[in-house]
Amino acid sequence: MDIKRQTFLVVGVSKSGFAVANYILSNGGKCLLYEELSSPKIDDAIAKLIERGGVKVEKENIDAVLVHIDNLIISPGVPINHPVAVKAKSLGKRIIGELEFGFLQFTPTTVAITGTNGKTTTATLIDEIFKSVGTNSLLVGNVGVPITSKVCDANKDTVCVAEVSSFQLESTALFCPHVSCILNIKPDHLERHYTMENYIFLKKRIFLNQRESEYCVLNYDDEIVKSFSGETRAKVLFVSLKEKIDGAYRVDQKLYYKNEFIINQNELALKGEHNVYNSLFAIAVAKLFNLSNSDIVNVLKNFKGVKHRMEKIALKEGIEFYNDSKATNTASTISAIEGINKPIVLILGGSEKGETYIDLFEKIKKSLVKHVVLTGASRNKMLECAGAVGFNRLTLTHDFTTAVKIAKLVAEEGDCVLLSPACASFDNFSNYEERGEKFRQIVDEL
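About the thresholds
Residues numbered from 1 in each chain as written. Predicted model: local features only at pLDDT ≥ 70, side-chain atom pairs only at ≥ 80, totals over all residues. Heavy atoms only, no water. Buried < 20%, exposed > 50% of the residue type's maximum accessible area, 1.4 Å probe, protein only. Helix = DSSP H or I, 4+ residues; strand = E, 2+ residues; numbered from the N terminus. Pairing = 2+ DSSP bridges. Expected span 1.5 Å × (residues − 1). Contact = heavy atoms within 4.5 Å. Axes fitted to C-alpha atoms, helices over the stretch in contact; angles between N-to-C directions. Parallel < 35°, antiparallel > 145°, perpendicular 65-115°, else oblique. Left-handed = near helix turned anticlockwise from the far one by under 90°. Nonpolar A, V, L, I, M, F, W, Y, C, P; charged D, E, K, R; others polar. Salt bridge = Lys/Arg side-chain N within 4 Å of Asp/Glu carboxyl O. Phe/Tyr/Trp six-rings, centres within 6.5 Å; stacked < 30°, edge-to-face > 60°.

### A short note on the pairing of strand E6 (residues 109-114)
Link 1 in the chain: With 5 of 6 residues buried, E6 is to be regarded as a mostly interior element.
Link 2 in the chain: Relative to strand E8 (residues 159-163), E6 runs parallel, the two being bridged by 5 bridges. Paired with Ala112 across the strands is Ala162, a residue of E8.

Printed below as a string of structure tokens:
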């Protein structure tokens, strides 16, 4: 792609939009900026890009501008059916996402991880294994690091470990990792993708361009993911906790790769069944790169996890506090409560993602959750679902700070307070990180 000879319109000037616009301007390209939202961070980002030669486009001028651009680049937060993207497509303009644009600028060896839950933990774990042996590994993508912000850090020996979301896959056409991993598929983001069929179709894009020389690692225990094995040209490896398969698996609480013992499950630093899956995916990828068992095991024994994912942040008056703000869907919250073996006071709620909460409350009813505090925009719908299954040990409040304080009052010595919202954060926060940091601040002040 000849950046200097083309005109780009970046739609959505958040973290990814800023990174790709900055890259284009730094490489002599002409870049226009379009943003419908306003916040101090966004306004500051636009101001910095204008200083570097970017041109802001107002809404009333967008149709006229689209006629003259060559490429429209959309940020992950901008859906492919956004009116500006639809208009650009009707004019025959190329539409591309920041992820794909970044990978077209250079061709690193790439490991791409997608799935409904566990992406960040698995990607970070794989990145840590690579770094532990001196590999120039770049952790990019949906972890909050745009690939275009890291292009200058790459060389011929670089391995890019990319967490890839359905939002990013929505705007890919040529993206082709050396190794793709699909961890699991559960209902998520239906407010944007509308149907499970469409969501599943987007997840499959991660391997559609792979060839026979590349690898696809799939969850054998997930029937949807397992079915993908016949749809890719890549060499398929499986991960399983239930069966001995061709790949990485667990037998008698021991983890193996193709009949080769790797580590005992009780030696993993990360606890819970979901983290056994994450560890097996990491093992499979590491073995594909011919890394030694000792190097893999050293990281698996010491890796403590990522921020905002089952992160123990405090112990106060005998009560443990866990920040699981990254649990933005019901499946993730269910994994969280199943991984705790003591009484739980659970904080739920946030912005809607098109899910029902019936199954969640069915699980809660049978779990160690002793009380639920509902907050955020979804609280009334959650209240209805709780009532439908006969769960009534709950409190309702619109205010997040009050919710945390109520949870502390309800909890007793030996319990844990768990923030695992099962919802996105956009009703009151800009992202799940901000929600998690607010939770930490409130707990610190209790």
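Next comes the rest of the write-up.
### Some words on helix H11 (residues 273-288)
Link 1 in the chain: Counted at 1.5 Å a residue, the expected span for H11 with its 16 residues is 22 Å, and the 23 Å between its end C-alpha atoms agrees.
Link 2 in the chain: Burial within H11 is extensive, with 14 of its 16 residues counted as buried.

### Details of the environment of Ala336
Link 1 in the chain: Tracing the sequence through the fold places Ala336 in helix H13 (residues 330-338).
Link 2 in the chain: Residue classification places Ala336 among the buried residues on the basis of a relative accessible area of 1%.
Link 3 in the chain: Between the C-alpha atom of Ala336 and that of Ser420, which follows or precedes it by 84 residues, the distance is 7.3 Å.
Link 4 in the chain: Excluding anything up to four places from it in sequence, Ala336 contacts Arg309, Met310, Asp324, Leu418 and Ser420.

### Some points on the packing of helix H16 (residues 400-410) against helix H17 (residues 432-445)
Link 1 in the chain: At a minimum axis separation of 10 Å, H16 and H17 run at an interaxial angle of 50 degrees. Taken as axis vectors, H16 and H17 run oblique relative to one another. Crossing geometry of H16 relative to H17 is assigned as right-handed. Of H17, the residues touching H16 (which contributes Phe400, Thr401 and Val404) are Arg435, Lys438, Phe439, Ile442 and Val443.
Link 2 in the chain: Tallied by class, the residues present in the contact of H16 with H17 amount to 5 nonpolar, 1 polar and 2 charged.

### Description of the pattern of salt bridges
Link 1 in the chain: Inspection of every chain in the model, using the stated rule, returns 20 salt bridges.
Link 2 in the chain: Glu320 is the partner of Lys342 in a salt bridge, and the nearest nitrogen-oxygen pair spans 3.3 Å. In this pair, Lys342 sits in the loop between H13 and strand E17 (344-348) while Glu320 sits in strand E16 (residues 319-323), placing the two residues 22 residues apart along the sequence.
Link 3 in the chain: Several salt bridges share partner residues, and in doing so they unite Lys307, Glu311, Glu437 and Arg440 into one network.

### A closer look at the sheet that holds strand E1 (residues 7-11)
Link 1 in the chain: Within the open sheet, the 5 strands sit side by side as E3-E2-E1-E4-E5. Their pairing is parallel. Of all the strands in the sheet, the pair left with one neighbour each is strand E3 (55-56) and strand E5 (94-97).
Link 2 in the chain: Bridge count between strand E4 (residues 71-74) and E5: 4 bridges; the pairing is parallel. Paired with Ile74 across the bridge in E5 is Gly97.

### So, the packing of aromatic side chains
Link 1 in the chain: What the rule picks out here adds up to 11 aromatic pairs.
Link 2 in the chain: Considering the side-chain rings of Tyr23 and Phe101, the 6.1 Å spacing of their centres and the 80 degrees angle between planes classify their relative orientation as edge-to-face. Placement of Tyr23 in helix H1 (residues 15-26) and of Phe101 in helix H5 (residues 98-104) is noted, with a sequence separation of 78 residues between them. As far as burial versus exposure is concerned, Tyr23 and Phe101 are alike and both buried.
Link 3 in the chain: Taking the centre distance of 5.8 Å and the plane angle of 55 degrees together, the rings of Phe207 and Phe228 count as tilted. Of this pair, Phe207 sits in the loop between helix H9 (196-204) and strand E10 (215-219) while Phe228 sits in the loop between helix H10 (223-226) and strand E11 (235-240); the two residues are 21 residues apart in sequence, bridging distant segments of the chain. Pair check on accessibility: Phe207 and Phe228 agree, each one buried.

### Focus: the pairing of strand E15 (residues 311-316)
Link 1 in the chain: Pairing analysis gives 5 bridges linking E15 to E16, with the strands arranged antiparallel. For Leu315, the partnering residue across the bridge sits in E16 and is Glu320.
Link 2 in the chain: Adjacent in sequence and paired antiparallel, E15 and E16 are bridged by 2 residues, among which Glu317 carries a positive phi angle near 55 degrees.

### Some details on the packing of H11 against helix H12 (residues 293-302)
Helix-helix packing: each pair is described by the crossing angle between the helix axes and the interaxial distance.
Link 1 in the chain: H12 packs onto H11 with a crossing angle of 150 degrees between their chain directions and a minimal axis gap of 10 Å. Regarding the angle of H11 to H12, the classification is roughly antiparallel. With respect to the hand of their crossing, H11 and H12 are arranged in right-handed fashion. On H12, the residues touching Ser279, Ile283, Ala286 and Lys287 of H11 are Asn293, Ile296 and Leu300.
Link 2 in the chain: Each residue belonging to the contact of H11 with H12 can be placed in one class, and the counts come to 4 nonpolar, 2 polar and 1 charged.

### Re unusual backbone geometry
Link 1 in the chain: Residue Glu317 is not a glycine yet carries a positive backbone phi of 55 degrees.
Link 2 in the chain: Summarising the element assignment, Glu317 is placed in the loop between E15 and E16.
Link 3 in the chain: Positive phi, close to 65 degrees, is recorded for Ala422, a residue that is not glycine.
Link 4 in the chain: Following the sequence through the fold, Ala422 ends up in the loop between strand E20 (416-419) and H17.

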